[in-house]
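Single-letter residue listing:
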Amino acid sequence: MLMLLALHLVAAALAPALVRRWGRRAFLPLAVAPASAFGWALGYAGTVRDGRAVVEVYPWVPELGLELALRVTTLSWLLMLLVGGIGALVLVYCVRYFDADEPGLGRFAAVFVGFAGAMLGVVVADDLLLLYVCWELTSVFSYLLIAHHPEQQASRRSANQALLVTTLGGLVMLVGFVMLGQHAGTYRWSEIAARPPPPGGYLAIAVVLILVGALSKSAIFPTSFWLPAAMAAPTPVSAYLHAAAMVKAGVYLVALLAPAYAQVGPWRPVIYVTGIVTMLAGGWLALRQVDLKLLLAYGTVSQLGLLVVLVGAGTPDAALAGVAMLLGHALFKAALFLVVGIVDRRAGTRDLTVLSGLYRRMPLVCATAVLGAASMAGVPPLIGFVAKEAVLGAFTGDPVLLAALLLGAVLTAAYSARFGWGAFAGRSPSGEATPIRPVETVLLAPAALLAVAGLVLGVLAGPVGGTLAAYARSFGPIAHQLTFVPAPGPVLGMSLLALLGGLLVFASRGAVGAVQARVRAPFDGDTAYQVLSRGFDRVAVAVTGATQRGSLPQYLGIILLALVLVLGGALLRGPWPDRVGSPHHPLQAVVGVVLGVAAVLTVRARRRLTAVILAGVTGYCTAMLFVLHGAPDLALAQFLAETVTIVIFVLVLRRLPARFSVRPLRRSRWTRLAVGVAVGAVVTATAVAATGARRAPPVSAEFPGPALSFGYGRNVVNVTLVDIRAWDTMGEIAVLVVAATGVASLIFQRRRGPDRPRRDDLPPPGAERAWLRAGPTLRTRRRSIVFEVVVRLIFHTIVLFSIFLLFSGHNAPGGGFVGGLVAGLALAVRYLAGGRHELDQAAPVDAGLLLGVGLFVAVGTGLLAMSTGGEVLRSSLLEPELPLVGELHLVTSIFFDIGVYLVVVGLMLDILRSLGAEVDRQIEVEDEPGTGLRTDRPAGPAQQAAAGAGSPDAPGGTDAGAAGTDGRR
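Sequence order as written defines residue numbering, which begins from 1 separately in each chain. Where totals are concerned, whole chains, interfaces and linings use all residues; where local detail is concerned, this predicted model gives features only for residues with pLDDT of at least 70, and gives and counts side-chain atom pairs only at 80 or more. Based on all heavy atoms of the structure, the side-chain values leave hydrogens and waters out of the count.

**Concerning the overall build of the protein chain**
Our working rule: Only DSSP runs of H or I covering at least 4 residues are called helices, and only runs of E covering at least 2 are called strands; the numbering of each starts at the N terminus. Every residue pair with non-hydrogen atoms within 4.5 Å of one another is taken to be in contact.
A tally of regular secondary structure across the protein chain gives 39 helices and 6 strands. Considering only intrachain contacts with a sequence separation of at least 6, the fraction spanning at least 24 residues in the protein chain is 78%.

**Details of unusual backbone geometry**
Between Phe221 and Pro222 the backbone carries a cis peptide bond, its omega angle lying at 10 degrees. Mapped onto the secondary structure, Pro222 falls in the loop between helix 10 (201–217) and helix 11 (226–229). The amide bond that connects Pro380 to the next residue, Pro381, takes the cis arrangement and shows omega of 0 degrees. With respect to the helices, strands and loops of the structure, Pro381 is situated in the loop between helix 18 (363–377) and helix 19 (383–394). Positive phi is not limited to glycine here, since Ala219 has a value of about 55 degrees.

**Regarding the packing of aromatic side chains**
The cut-off we apply is this: Stacked, edge-to-face and tilted are the three classes for Phe, Tyr and Trp ring pairs, Trp counted by its six-membered ring, which pair at centre distances within 6.5 Å; planes under 30 degrees apart are stacked, over 60 edge-to-face, the rest tilted. The rule is simple: take the accessible area with a 1.4 Å probe, protein chains only, and divide by the maximum for that residue type; under 20% is buried, over 50% is exposed, in between is partly exposed. Distance and angle both matter: a charge sits over a ring if NZ of Lys or CZ of Arg is within 6 Å of the ring centre and within 35 degrees of the ring normal.
All told, the structure shown has 15 aromatic pairs when counted by the stated rule. Ring centres of Phe115 and Tyr240 lie 5.9 Å apart, and the angle between their planes is 85 degrees; this geometry places the pair in the edge-to-face category. Note that Phe115 is positioned in helix 6 (residues 105–124) and Tyr240 in helix 12 (residues 235–243), a separation of 125 residues in sequence. Taking relative accessible area as the criterion, Phe115 reaches 1% and is therefore assigned buried. Following the ring pairs from residue to residue traces out a cluster consisting of Phe27, Tyr93, Tyr97, Phe98, Phe108, Phe112, Phe115 and Tyr240. Its guanidinium or amino end placed over the ring of Trp421, Arg509 lies 4.4 Å from that ring's centre, counting from NZ or CZ. Between Arg830 and the ring centre of Phe795, over which it is positioned, the NZ or CZ distance is 4.6 Å.

**Some points on the side chain of Asp317**
So the rule is basically this: Charged-residue counts in this description rest on Lys and Arg as positive and Asp and Glu as negative, His and the chain ends being excluded. By definition, a salt bridge exists where a carboxyl oxygen of Asp or Glu is found within 4 Å of a side-chain nitrogen of Lys or Arg. Distance and chemistry together define a polar contact, namely a pair of N or O atoms within 3.5 Å, with one atom able to donate a hydrogen and the other to accept it when in protein, and with adjacent residues in sequence counting only for side-chain atoms on both sides.
One can find Asp317 in helix 16 (residues 316–347). Of the side chains bearing the opposite charge, Arg473 lies closest to the buried Asp317, which forms no salt bridge; the N-O distance is 10 Å. A distance of 3.3 Å separates a polar side-chain atom of Asp317 from the backbone nitrogen of His480. Setting aside residues up to four positions removed in sequence, Asp317 forms contacts with Ala394, Ile478, Ala479 and His480.

**Let's talk about the confidence of the model for the protein chain**
Heads up, the rule is: Each residue carries a pLDDT score, the predictor's confidence in it, ranging from 0 to 100.
Chain-level pLDDT for the protein chain is 85 on average; 89% of the residues reach the 70-or-more range. Here residues 931–939 scores under 50 on pLDDT; set against residues more than four positions off or in separate chains, the count is 33 contacts. Of the regions scoring below 50 in pLDDT, residues 945–969 engages in 81 contacts with residues more than four places distant in sequence or in other chains.

**Some details on the nonpolar core**
Threshold: We define the nonpolar core as a collection of buried residues of types Ala, Val, Leu, Ile, Met, Phe, Trp, Tyr and Cys that are connected through side-chain atoms lying within 4.5 Å of one another.
Core analysis: the largest hydrophobic core is formed by 203 residues, its most contacted members being Ile86, Trp226, Tyr261, Trp267 and Phe395. Counting residues per element, this core draws most heavily on helix 16, which supplies 22 residues. Among all residues touching Trp226, those that are not within four sequence positions of it are Gln161, Ala162, Val165, Thr166, Ser216, Lys217, Ala219, Met246 and Val247. Counting 45 residues, the second largest nonpolar core, distinct from the first, contains Val644, Val822, Ala828 and Tyr831.

**What about the pattern of salt bridges?**
Throughout the structure, instances matching the rule amount to 9 salt bridges. Its salt-bridge partner being Asp99, residue Arg345 comes within 3.1 Å of it at the nearest N-O pair. Of this pair, Arg345 sits in helix 16 while Asp99 is found in the loop between helix 5 (74–97) and helix 6, placing the two residues 246 residues apart along the sequence. In this structure, Asp344 engages Arg350 in a salt bridge whose closest nitrogen and oxygen atoms are separated by 3.2 Å. Several salt bridges share partner residues, and in doing so they unite Glu67, Asp126 and Arg188 into one network.

**Notes on the side chain of Gln516**
Note on placement: Gln516 falls in helix 24 (residues 509–518). Its relative accessible area of 3% is what places Gln516 among the buried residues.

**Looking at the environment of Gln516**
As for Gln516 and Leu285, which are separated by 231 residues in sequence, their C-alpha atoms are 8.6 Å apart. When residues no more than four places from it in sequence are discounted, the contact partners of Gln516 are Trp284, Leu287 and Arg288.

**What to know about the packing of helix 16 against helix 22 (residues 461–472)**
Put simply, the test is: To obtain an axis, a line is fitted to C-alpha atoms, over the contacting stretch when the element is a helix, and the angle between two such axes runs from 0 to 180 degrees between their N-to-C directions. By definition in this entry, angles of less than 35 degrees are roughly parallel, angles greater than 145 are roughly antiparallel, angles of 65 to 115 are roughly perpendicular, and the rest are oblique. The hand of a helix crossing depends on one turn: near helix anticlockwise from the far one by less than a right angle means left-handed, and clockwise means right-handed. The residue classification treats Ala, Val, Leu, Ile, Met, Phe, Trp, Tyr, Cys and Pro as nonpolar and Asp, Glu, Lys and Arg as charged. All others, Gly included, are polar.
Running from N to C, helix 16 and helix 22 cross one another at 125 degrees; their axes reach a closest spacing of 9 Å. Considering their axes alone, helix 16 and helix 22 lie oblique with respect to each other. The hand of the helix 16/helix 22 crossing is right-handed. Side by side, helix 16 and helix 22 meet where Pro316, Ala319, Leu320, Val323, Ala324 and Leu327 of the first sit next to Val464, Gly465, Leu468, Ala469, Tyr471 and Ala472 of the second. Looking at the contact of helix 16 with helix 22 residue by residue, the classes come out as 11 nonpolar, 1 polar and no charged.

**Section: the environment of Val790**
Take Val790: it is sitting in helix 34 (residues 785–808). Remark: the alpha-carbon pair of Val790 and Val829, spanning 39 residues in sequence, is separated by 9.8 Å.

Right, here's the structure in full:
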């Protein structure tokens, strides 16, 4: 089963490329994925008939108890046949349904195959959390399929509506899943069903929450409105959506839970009321539709209500009738939708008031439609009749429900006749038939095969019932078996009455239409949805207008107040430690005092550069506390990170005024002071409370031993980062790459790579005595020769030191992150001394390339370990003998650390190029002669920051210099 899911994933990934290469014919090889699921299910027919389950379990996250638990029983086996078989036929149908130049066809193919795979995951998942993931994937994929034509407002609106309704229902359902799983101690449904929680309010609430998700997915009242609106999707999507996917997921979930929870108090009232209302309302609305596709859509709504009643009734006969109707509905509804697609594409319309005489122009299509509509109406010996007989027989003891079901059967027969008459009858006054284009065999064959299957399975009702009976027996002994030979009696009489009543309603369509025109509901679901949507939009606009006023202090204040209220409220309950420890070293108190003084002075500083330096002092004091506490690795990382932060602040300060604004006013200042004090108190209290919250030994206490035996290193911190918790580090460097990309995209107005100087005045090597080759690009009076000399002497030493830290980090303080920061600071110093062109001389490589290579190396290290038979990111010790060197002690995690090193260097280079070099270039453009802007800016980046900090009257941005300003000014 896992291989089947993987096959769908691979097929979806390859679909765009296949469509680009083969066009519409690519749907044929893509159909192999769902066809494989169909074939796999057929292979296990004997196992399912015997009532046995097929189980596969794969560990996923063992520490959290998560696993890929897959299980196929009779119910899931039936859905697997439908999902795979109908999915494959619909993909074959797509070969001729779409035009060769259909836009977005590759995307459609990929999403459709992914949709089939997600639905397959829903029906084979035994783990409730895995089921939920696949459940939500069907919502996402259906959203993309319904919005296949995004240029059309109807497509966008319908897709949003379907996504919102089903996703909100899914979130409610997730709460119910969590309640069941937490109570049972497992999320395996087979284990939960074996020992359900005792009856009570807890179980009732969980069941109702799950039913909300299931019923909203199947478009049951009051959420029925989203399904007819989804007809904006292409017809192949509608056929699959209605017959075997998405809406059937809710019916499947109700059927899955019914054996365990049908006796729970609110179950039957919810199922019966919503199901009956949906069945009758959908059938009534189907009679007023003139669009054939909408007629079938409302018919599906009606039959979904019927299916929910059947599978949720909790009796063996109703359960058998439910799975039989599930099978029959999938066959005839898929066939009828495909017929509508043929009519639409070949006649150019779906309007039954326009179509006329197609039974002469499309005899085979008409025969297919008649078979499908007859099965839907319940005409013997089709599978629809067999299922209808079973339905009426299962409820003979409940006259109220039986009357409602009989009325639903009458409506079904009526709109089935309306469909056949509207699509193919001759109604033109002149007797002329609607002109059509020829119908290809590939277009007709899938629909005809499904319609014929409904006839064949109706004749084989006995064997079909014997195979499906294993599910019904989970409720108890079965009183009635499926049969296509109608036995004389009340059930047969009611079946004939339903057919005759339906024909009578259809014959009286004029009078029925007049009644429908006069009798209308005061509101419908779609109207209610629109009212709620507009209400939420108005509330959102009002809230946004009140809170999003463009004030950064206001935004930060709201966040901090939320922190104070939420976290502070939680702290009121403790726990608090018995005592607070004293400093371990006398200097810790001294450093703490310096840190506090620096923090107070930071708040009181009037110059931005002063505030940045004082804030840096607080960071350096924190690093000193790490040193005094015996944590050199943390101290080293803190020192370097604080230095990098100061450099970044200096780069940004060039575009800001030297002094803070005289605002805020006195009252606002006191408010901010109060917020700051409250946040400080809460954070301090959190730190104190955290020391008393621990109830178990820390997991890190066991790290030193495995760090040496498992990770082959003595530096526990570094081994933890690159081995024990390498997944965390992998996520962190991925975030770094995303952050760097975001910064660059916000600032760069052109390419991110190295830039050429504005004039070709870089002297060739040896032609001019210059300490830094790009030094001549700066104006002479702004150059600092001492700075250039120092940078020239120490740059390569710093780079070598960064490499030393990289390779020594496994056994001593250092590592890829620290080494990357040191190398980044070396580049920063080079930039500060010589400007943006000097930075490009020092690192003539695209920062994005470094980021990508670093992430690739880190990920590749994990995949290489897995490909050699080990675990992902598992370290190995290599001790090769090298000539002249001897035995080399090499741990494979060093390659992961090299990836981290490259990512950090790439991040630093990206920051220097964006906040530094690119800002310099933009300043130069602003100061070009003729723009009216000031051109007397200092040129070097370091001088720009100093000038900005020292100019008391500098307006925003005017004290920022332009690194790389040449002498032509």
